[in-house]
Amino acid sequence: MASKSGLSFSVLAAAEISEALEDLARLRIAVFADWPYLYDGDAAYEKRYLKQFAASPGAVVVAARDAGGRMVGAATAAPLADHAKEFAAPFARIGLDPAAFFYMAESVLLPDYRGQGAGRQFFAMREAAARAQGYEHAVFASVLRPDDHPLRPADYVPLHGFWRNLGYEPYPGLLAAFSWRDIGETAESVKELQVWGREL
């Protein structure tokens, strides 16, 4: 599927996902180094995380490629019950069945290709995949950072408005915790994330 931006989008077949993991790791490390994730990525962490993701029979990867065929962005998703337990556990704790939710894991896009509709395409194609698998609820999680964090860019605009325009709202009190190493840290630390969701 081509777009006005010149990018082409495709949902990778199951056999293609394992072949794309190296590109996914490259994009995650590059994009998540920026605010608000501040992820100090490394190959060992990526291998562990993506191996678990790819093991899900319901895993979905939407690839965005430039005119030369290079993957410049990707969005991932999987049944919440198959994803990292850190994300499913808060649902079970408040009486929600993780098996009823499809988890929109991440969207990563290189800076030169932003602002041209890729974000909407990523959500639309993952939501379509969720419906095809019989899901009626889609969720994702966004990292929470203090407004006075020293690395927060002065011109940073949160994506809350964009997500709300797509029909997503935060689940009050539904927070997840996940660990990664921030830039400048010597070890992983726990981050709190707000869960957002919508009915499909």
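Rules used throughout
Residues numbered from 1 in each chain as written. Predicted model: local features only at pLDDT ≥ 70, side-chain atom pairs only at ≥ 80, totals over all residues. Heavy atoms only, no water. Helix = DSSP H or I, 4+ residues; strand = E, 2+ residues; numbered from the N terminus. Rg over C-alpha atoms; globule rule 2.2 N^0.38 Å. Buried < 20%, exposed > 50% of the residue type's maximum accessible area, 1.4 Å probe, protein only. Contact = heavy atoms within 4.5 Å. Areas by Shrake-Rupley, 256 points an atom, 1.4 Å probe, with all protein chains shown as cover. Phe/Tyr/Trp six-rings, centres within 6.5 Å; stacked < 30°, edge-to-face > 60°. Lys NZ or Arg CZ within 6 Å of the ring centre and 35° of its normal. Arc of directions from axis to C-beta. Pairing = 2+ DSSP bridges. Axes fitted to C-alpha atoms, helices over the stretch in contact; angles between N-to-C directions. Parallel < 35°, antiparallel > 145°, perpendicular 65-115°, else oblique. Left-handed = near helix turned anticlockwise from the far one by under 90°. Nonpolar A, V, L, I, M, F, W, Y, C, P; charged D, E, K, R; others polar.

Asker: Explain the overall build of the protein chain to me, please; I cannot follow it from the model alone.
Answerer: Scanning the protein chain from N- to C-terminus turns up five helices and seven strands. When the helices and strands of the protein chain are listed from N to C terminus, the series reads β-α-α-β-β-α-β-α-β-α-β-β. By the compact-globule yardstick of 16 Å for 200 residues, the protein chain fits well, its C-alpha radius of gyration being 16 Å. With the principal axes as the frame, the protein chain shows a C-alpha extent of 40 × 40 × 35 Å. Counting all 200 residues of the protein chain, 44% fall into the buried class. Long-range contacts, defined here as pairs at least 24 residues apart, represent 70% of the contacts in the protein chain between residues at least 6 apart. In the form shown here, the protein chain has an accessible surface area of approximately 10,100 Å², with 54% of it arising from carbon and sulfur atoms.

Asker: What exactly am I supposed to notice about unusual backbone geometry here?
Answerer: Most peptide bonds are trans, and most residues other than glycine sit at a negative phi. With an omega of 10°, the peptide bond between Trp-35 and Pro-36 qualifies as cis. Secondary-structure assignment places Pro-36 in the loop between helix H1 (14-31) and helix H2 (43-54). The phi torsion at Leu-38 lies on the positive side, around 55°, for a residue other than glycine. Locating Leu-38 in the fold gives a position in the loop between H1 and H2. Judged by relative accessible area, Leu-38 falls into the buried class, the value being 6%.

Asker: Quick question: what am I supposed to make of the packing of aromatic side chains here?
Answerer: Enumeration according to the criterion identifies 19 aromatic pairs in this entry. Each ring, one from Trp-35 and one from Tyr-156, has its centre 6.1 Å from the other, and the planes form 80°; the classification is edge-to-face. Taken together, the residues Trp-35 in the loop between H1 and H2 and Tyr-156 in the loop between strand S5 (137-143) and helix H5 (160-165) connect sequence positions 121 residues apart. Linked through ring pairs, Phe-123, Phe-140, Phe-162, Trp-163, Tyr-168 and Trp-196 together constitute an aromatic cluster. Seen from the ring of Phe-123, Arg-126 lies directly overhead, with NZ or CZ sitting 4.7 Å from the centre.

Asker: Honestly, helix H3 (residues 85-93) in this entry has me stumped. Any pointers?
Answerer: Think of an α-helix as turning once every 3.6 residues; residues three or four places apart then point the same way. Among all positions of H3, only Phe-87, Ala-88, Pro-90 and Phe-91 are buried. Buried residues of H3, viewed axially, fall in a sector of 155°; they line one side. Among the exposed residues of H3, those pointing more than 90 degrees away from its buried face are Lys-85 and Arg-93. In this structure, the buried residues of H3 make contact with strand S4 (102-109), S5, strand S6 (169-180) and strand S7 (189-199). Two residues or fewer past H3, Gly-95 is found with a positive phi of approximately 85°.

Asker: Mind showing me how you'd approach the pairing of S7 here?
Answerer: Successive residues of a regular strand alternate their side chains across the two faces of the sheet. Sheet analysis places S5 next to S7, joined by seven bridges and oriented antiparallel. Looking at S7, one finds that His-137 is bridged to Glu-199. Taken together, the eight bridges between S6 and S7 define a ladder with antiparallel strand orientation. When the bridges of S7 are listed, Ala-177 appears paired with Glu-192.

Asker: Quick question: what am I supposed to make of the packing of H1 against H2 here?
Answerer: To describe two helices that pack against each other, one gives the angle between their axes and the distance between the axes. Here H1 crosses H2 at 135°, and the two axes come no closer than 10 Å. Here H2 runs oblique to H1, going by the angle between their axes. With respect to the hand of their crossing, H1 and H2 are arranged in right-handed fashion. Counting all contacts with H1, which are made through Ile-17, Leu-21, Leu-24, Ala-25, Arg-28 and Ile-29, the residues of H2 involved are Tyr-45, Glu-46, Tyr-49, Leu-50, Phe-53 and Ala-54. Taken together, the residues of the contact of H1 with H2 sort by class into ten nonpolar, no polar and two charged.

Honestly, it's all geometry; don't read function into it.
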